[in-house]
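Structure at a glance
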Amino acid sequence: MSDNPFLDRFREQSRTAGKVKPATPTPETPSEAEKPKRGPSLTAQRAGSIAEQRIQAAMEDGMFNNLPGEGQPIDLNDDMYIPAEMRMAFRVMKGNEAGSPWGAAQHDYNNHMNRYQIWLRNNRETWATTSFSEQERLRQELHIWVRDLNTIIHQLNAMVPNDTLRVGLVVYERELRALESAL
């Protein structure tokens with residue numbers, strides 16, 4: 001037994017749930033009317049209802065009283081994308097206001113991407129009414145935006161510790177189609 005009665009009760013219920021006594025063989029086959037009826041299948045809604053019932057019963061039994069951290073705010077700023085083996089080091093760095101090594105590159109990427117999105121939206125709205133020479137100038141500007149964004153993305157991807165934090169490159173042809181398409 002542990003110090004947590006809720007956990008003990010949950011473990012006991014998990015051990016006994018799903019265990020069914022073996023059926024005794026009968027010589028004759030029961031008719032459809034005599035067969036025991038099965039309950040409804042377990043759906044997400046029904047599973048949620050069962051979970052809610054168990055949580056409610058645990059609350060009524062006082063299993064959530066006097067838990068560690070009760071009444072304290074939950075820290076939602078925990079960096080869940082940092083691999084588990086690196087989290088403690090990053091917490092120490094964060095406490096000393098050092099942050100993650102790729103934080104500055106991520107910030108730079110986000111700022112540059114936001115400015116690019118504004119540029120794209122503004123020029124997309126006026127694309128149909130601009131002259132051919134102005135459209136050529138915008139294509140050249142787009143080429144510069146894509147080149148700069150991809151440079152920042154390469155720098156960011158070289159720093160991040162795992163693939164889930166990597167950012168895909170910006171493709172010029174796709175961005176050109178986005179610029180030339182009507183709203």
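Residues numbered from 1 in each chain as written. Predicted model: local features only at pLDDT ≥ 70, side-chain atom pairs only at ≥ 80, totals over all residues. Heavy atoms only, no water.

A few words on the pattern of salt bridges. In a structure, side chains of opposite charge can pair up when their charged atoms sit close to one another. In the structure shown here, the tally under the stated rule is six salt bridges. In this structure, the salt-bridge partner of E136 is R139, at a minimum N-O distance of 2.8 Å. Taken together, the positions of E136 and R139, both in helix α5 (residues 132-159) and three residues apart, correspond to about one turn of that helix. According to the relative accessible area criterion, E136 is partly exposed, its value standing at 32%. Look at the salt bridges and you will find they share partners, linking E134, R137 and E141 into a network. (Salt bridge = Lys/Arg side-chain N within 4 Å of Asp/Glu carboxyl O. Helix = DSSP H or I, 4+ residues; strand = E, 2+ residues; numbered from the N terminus. Buried < 20%, exposed > 50% of the residue type's maximum accessible area, 1.4 Å probe, protein only.)

A separate point is helix α4 (residues 103-126). For α4, which comprises 24 residues, the first-to-last C-alpha distance of 35 Å matches the rise-based estimate of 34 Å (1.5 Å per residue) to within 8%. The inward-facing, buried residues of α4 contact α5 and α6 (172-180). (Expected span 1.5 Å × (residues − 1). Contact = heavy atoms within 4.5 Å.)

On to the packing of α4 against α6. With their axes 8 Å apart at the nearest point, α4 and α6 run at an angle of 45° to one another. Between α4 and α6, the interaxial angle falls into the category oblique. Contact residues: Y116, W119, L120, N123 and R124 in α4; E175, A178 and L179 in α6. Tallied by class, the residues present in the contact of α4 with α6 amount to five nonpolar, one polar and two charged. (Axes fitted to C-alpha atoms, helices over the stretch in contact; angles between N-to-C directions. Parallel < 35°, antiparallel > 145°, perpendicular 65-115°, else oblique. Nonpolar A, V, L, I, M, F, W, Y, C, P; charged D, E, K, R; others polar.)

This brings us to the confidence of the model for the chain. Mean pLDDT for the chain: 78, with 69% of residues reaching 70 or above. Across the chain, the element-wise mean pLDDT spans from 68 in helix α1 (residues 5-16) up to 93 in α5. (pLDDT = per-residue confidence, 0-100.)

Let's shift gears to unusual backbone geometry. Most of the time, phi is negative for any residue but glycine, and the peptide bond is trans. A positive phi angle, close to 60°, is found at N66, a residue other than glycine. If you trace the backbone, N66 turns up in the loop between α2 (44-60) and α3 (87-95).

So, on to the nonpolar core. In this structure, W102, Y109, Y116, W119, L142, L156 and L179 are the most contacted members of the largest nonpolar core, which totals 24 residues. Breaking this core down by element, the ones donating at least two residues are α4, α5 and α6. With eight residues, the single largest contributor to this core is α5. The contacts of W102, once residues within four sequence positions are left out, are I82, F90, L156, M159, V160, P161 and L165. (Core = buried A, V, L, I, M, F, W, Y, C linked by side-chain atoms within 4.5 Å.)

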